[in-house]
Each structure stands twice: as C-alpha cells, then as structure tokens.
Amino acid sequence: MLKIVFAPDPILRQTCEQLEQVDEHHRQLIKEMFETMYEANGVGLAAPQVGINKRIFVIDAGAREEIKKPIAMINPIITSIKKSLSVYEEGCLSFPGHYAELERPDEITVEYLDIDNKKQKLTSNDFTSRIIQHELDHINGILFIDHLSRLKRDIIIRKMKKYKKELNQSE
Ligand code: ZN
C-alpha cells in the first residue's frame, strides 16, 4: 500500500513531469496506485498524491460498483472540451471527509498513453469525464478546492491542517 499525501502539502502543488515511456517500474507503480485507490474507496488517484512527480493517474468510475472499469492514463492531454458546464459534488483522497459542489465542463476528449505505451483517445461526458478532469488538475498541481470561493477554500485548508496535526500527535 502506498501512503496518500494529505493536503496541504507542497508535493500536491508541483507540476508533474512527462514520462518518456512507460516501463516495468511504472507498471508496478500503477498497480499499487489502483490497490491504494480501491482500499481508500476512491474513484481516482494521481501520482503526486502518493508522492510521485509524474504525469500518471488511475481512475475507476465503477470503483464502488460490481463491474470495475479501471483506466490508467499516462501523459494525458485534453484535446477538446465542450462548452456546457454542470455542477457536481467532488471529494479527494487528499482531503478525507471533505466534499464540495463545483462546476466543470460536461464533455472532454483526452489523449494519453496506456500501460503498453499505446496512444489512446477517450471522449466522455459522464462521471468518468468528471474524474479525469479532477485527476488532470492534480498532475498540474491544481486541487479541487481551487475551484471554490476563497472562503470555502480557507475553511477546508484550516480543517485539514488541524486534521494533519492530530494525526501526527497520535503517531
Ligand atoms: Zn483528488
């Protein structure tokens, strides 16, 4: 199991590096990221959330369903975005217990490498689209709280600081 980095942490604010190609080491990391994500009952996990500064994330819109839909994306880029927006409640494994409604585009198309170094393209307009946008933010050092008002953001950060302090005290 990998250790999930909780906010606030400078690791979560870095712009991650591109991979030249996916090797065995990365495939092992991706396998462990999926295990960590499922264990934490999440639907997405980006490499910086486990302290790795690489443009990698894993998602599974069916993580809480019977049929799993795991997707690992490497070096993803958004190639098209539809203008229509919708509001949806998001959480984040780096902010345990915190959720907030925020607006994002409905439909995106993303190109990425899969674990076999093959170029893939995916268009989605559902929960998957939402998760991809959240995870893409992570590899650019952006967090879901950045989409909220300053007031809401400050409240969550203050609570997270307190939470992290309590964790350290109990260790
Ligand atoms: Zn997140």
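Structure's up top.
Residues numbered from 1 in each chain as written. Predicted model: local features only at pLDDT ≥ 70, side-chain atom pairs only at ≥ 80, totals over all residues. Heavy atoms only, no water.

Asker: Could you clarify how one ought to interpret the sheet that holds strand 1 (residues 44–46) in this entry?
Answerer: Remark on secondary structure: sheet strands pair via backbone hydrogen bonds, oriented parallel or antiparallel. An order of 1-2-3-6-7 is seen for the five strands of this open sheet, with the pairing classed as antiparallel. One side of each edge strand has no neighbouring strand; the edge strands of this open sheet are strand 1 and strand 7 (119–124). Averaged over all adjacent pairs, the angle separating strand axes in this sheet is 40 degrees, with direction ignored. Summarising the sheet, strand 1 and strand 2 (residues 56–60) pair through three bridges and their orientation is antiparallel. Bridge pairing in strand 2 places G44 opposite I59. Against the sheet, helix 1 (residues 24–39) contacts strand 1, strand 2 and strand 3 (70–81), and its axis sits at roughly 40 degrees relative to strand 2. Here helix 2 (residues 127–139) sits on the sheet in contact with strand 1, strand 2, strand 3, strand 6 (108–113) and strand 7, set at roughly 160 degrees to strand 2. (Pairing = 2+ DSSP bridges. Helix = DSSP H or I, 4+ residues; strand = E, 2+ residues; numbered from the N terminus. Axes fitted to C-alpha atoms, helices over the stretch in contact; angles between N-to-C directions. Contact = heavy atoms within 4.5 Å.)

Asker: Help me understand the layout of surface pockets, please; the structure alone is not making it clear to me.
Answerer: In this approach the atoms are scanned with a rolling probe the size of a water molecule, which exposes any empty space left behind. Quantified by volume, the largest pocket comes out at close to 500 Å³. Lining the largest pocket are 27 residues, and of these V43, R64, G91, C92 and Y99 lie nearest its centre. The set of elements that each furnish at least two residues to the lining of the largest pocket consists of strand 4 (85–91) and helix 2. Ranked by the residues each element gives to the lining of the largest pocket, the list is headed by helix 2, at six residues. Partitioned by chemical class, the residues of the lining of the largest pocket number 13 nonpolar, nine polar and five charged. (1 Å grid on protein atoms, 1.4 Å probe; cavity = no way out; pocket = protein on both sides within 12 Å on 5 of 7 lines; lining within 4 Å. Points joined across faces, edges and corners; volume = space filled by probe spheres on them. Nonpolar A, V, L, I, M, F, W, Y, C, P; charged D, E, K, R; others polar.)

Asker: Sorry if this is basic, but what is going on with the coordination of the zinc ion here?
Answerer: Expected angles at a metal are 109.5 degrees for tetrahedral coordination by four donors and either 90 or 180 degrees for octahedral coordination by six donors. For the zinc ion, every protein donor is listed as C92 (SG), H134 (NE2) and H138 (NE2), and the spread of their distances is 2.0 to 2.2 Å. Donor residues for the zinc ion, ordered by position in the chain, follow C-x41-H-x3-H. In this pair, C92 is assigned in the loop between strand 4 and strand 5 (99–105) and H134 in helix 2, connecting sequence segments 42 residues apart. Across the pair, exposure class does not vary: C92 and H134 are buried alike. (Donors = N, O, S within 2.8 Å, 3.2 Å for Na, K, Ca; no water. Buried < 20%, exposed > 50% of the residue type's maximum accessible area, 1.4 Å probe, protein only.)

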